[in-house]
Structures are given as C-alpha cells and as structure tokens.
Amino acid sequence: MATPEKTIVQKVMAEAKRLGWWRLNVHGGPYQMAGLPDILVIKHGRAAWMEVKVPGKDPTRLQEHRIRELINEAGCPATVVRSVGDAKEFLESIDES
C-alpha cells in the first residue's frame, strides 16, 4: 500500500496530466541537488515545482530554502501542496498568468 504522501503525489500527477502539463516525479539521489520539490511540471515552456506534503506536515528547512531559491533566483513558480485541490488551484493560477 502506498504511503499517504505517495498517494497524494500520484493524484497530483494525474491532475496535472488532465490539465495538460508534462510531469516528472523527482526522486532524490546522490547526484541530485538535495531538497528539490517532488514534482516538476512544464506547459508551453513554463516550468513549475510542487512539494507534496500530507496535511499537518511541513516542508523541511532545506525544502523551504529550495522553494524560495526556485522562485527568487530561477523565477520559477514553486509551492507546497497538500491535496489535489491545492495543486489544481496552483496550476490553474499559472495558466492564467
């Protein structure tokens, strides 16, 4: 059985696909920058990142740092999502801008 966070990731990935986004579930490894968000999505040349957390759980300090870094240094939308609804709202807001 999938962990609750894994289940949310799967549902968020499905919703992003439904909304027309290309998706990548980022899995950490020894050659990857630590703290990157769980999901990278791209649509019409615009990338965005989502860190998935179960309700009541917060991102680590490093994850928060990476999100700020993506926003402030890379100019890339990034956020924490705790549900498919959060992801849908985030992705639709990017599509509208």
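See above for the structure.
Small disclaimer: the values here were computed from a predicted structure and weren't measured.

(A) Spotlight on the packing of helix α1 (residues 4–18) against helix α3 (residues 84–96). Contact pair α1 / α3: the axes reach a minimum separation of 9 Å and the direction vectors enclose 35 degrees. By crossing handedness, the relation of α1 to α3 is classed as right-handed. The segment α1 lies against α3, with Lys-11, Val-12, Glu-15, Ala-16 and Arg-18 engaging Val-84, Ala-87, Lys-88 and Leu-91. Looking at the contact of α1 with α3 residue by residue, the class counts come to five nonpolar, no polar and four charged.

(B) Structural detail: α3. If you check α3, its first and last C-alpha atoms are 18 Å apart, about what 13 residues at 1.5 Å a residue would give, namely 18 Å. Taken together, the buried positions of α3 are Ala-87, Phe-90, Leu-91 and Ile-94. Looking straight down α3, one finds its buried side chains confined to an arc of 90 degrees; they lie on one side. Within α3, the exposed residues directed more than 90 degrees away from the buried face are Glu-89 and Glu-96.

(C) View of the pattern of salt bridges. On inspection of all chains with the given rule, the structure shows six salt bridges. For Asp-58, the salt bridge identified is with Arg-82, shortest N-O distance 3.1 Å. In this pair, Asp-58 sits in the loop between β3 (46–52) and α2 (61–72) while Arg-82 sits in the loop between β4 (78–81) and α3, placing the two residues 24 residues apart along the sequence. Overall, the relative accessible area of 53% leaves Asp-58 in the exposed class. Among the residues examined, Arg-82 registers a relative accessible area of 26% and is labelled partly exposed. Note that Glu-92 and Lys-88 form a salt bridge whose closest N and O atoms lie 3.1 Å from each other. Here the residue Glu-92 and the residue Lys-88 both occupy positions in helix α3, the gap between them amounting to four residues, near one helical turn. The partly exposed category is assigned to Lys-88, whose relative accessible area is 30%.

(D) Broad picture of the sheet that holds strand β2 (residues 39–43). Overall, mixed pairing links the four strands, which are arranged β1-β2-β3-β4 in an open sheet. In this open sheet, the two strands that pair with only one neighbour each are β1 (22–25) and β4. Recorded for the sheet is a direction-independent mean angle of 25 degrees between the axes of neighbouring strands. Here β3 runs beside β4; their pairing, made up of four bridges, is parallel. Each residue of the ladder has a partner; that of Met-50, found in β4, is Thr-79. Most of the contacts of α1 go to β1, to which it runs at about 165 degrees, and overall it touches β1, β2, β3 and β4. Packing against the sheet, α2 makes contact with β3 and β4, and its axis sits at approximately 145 degrees to β4.

Scoring rules and cut-offs
- Residues numbered from 1 in each chain as written.
- Predicted model: local features only at pLDDT ≥ 70, side-chain atom pairs only at ≥ 80, totals over all residues.
- Heavy atoms only, no water.
- Axes fitted to C-alpha atoms, helices over the stretch in contact; angles between N-to-C directions.
- Helix = DSSP H or I, 4+ residues; strand = E, 2+ residues; numbered from the N terminus.
- Left-handed = near helix turned anticlockwise from the far one by under 90°.
- Contact = heavy atoms within 4.5 Å.
- Nonpolar A, V, L, I, M, F, W, Y, C, P; charged D, E, K, R; others polar.
- Expected span 1.5 Å × (residues − 1).
- Buried < 20%, exposed > 50% of the residue type's maximum accessible area, 1.4 Å probe, protein only.
- Arc of directions from axis to C-beta.
- Salt bridge = Lys/Arg side-chain N within 4 Å of Asp/Glu carboxyl O.
- Pairing = 2+ DSSP bridges.

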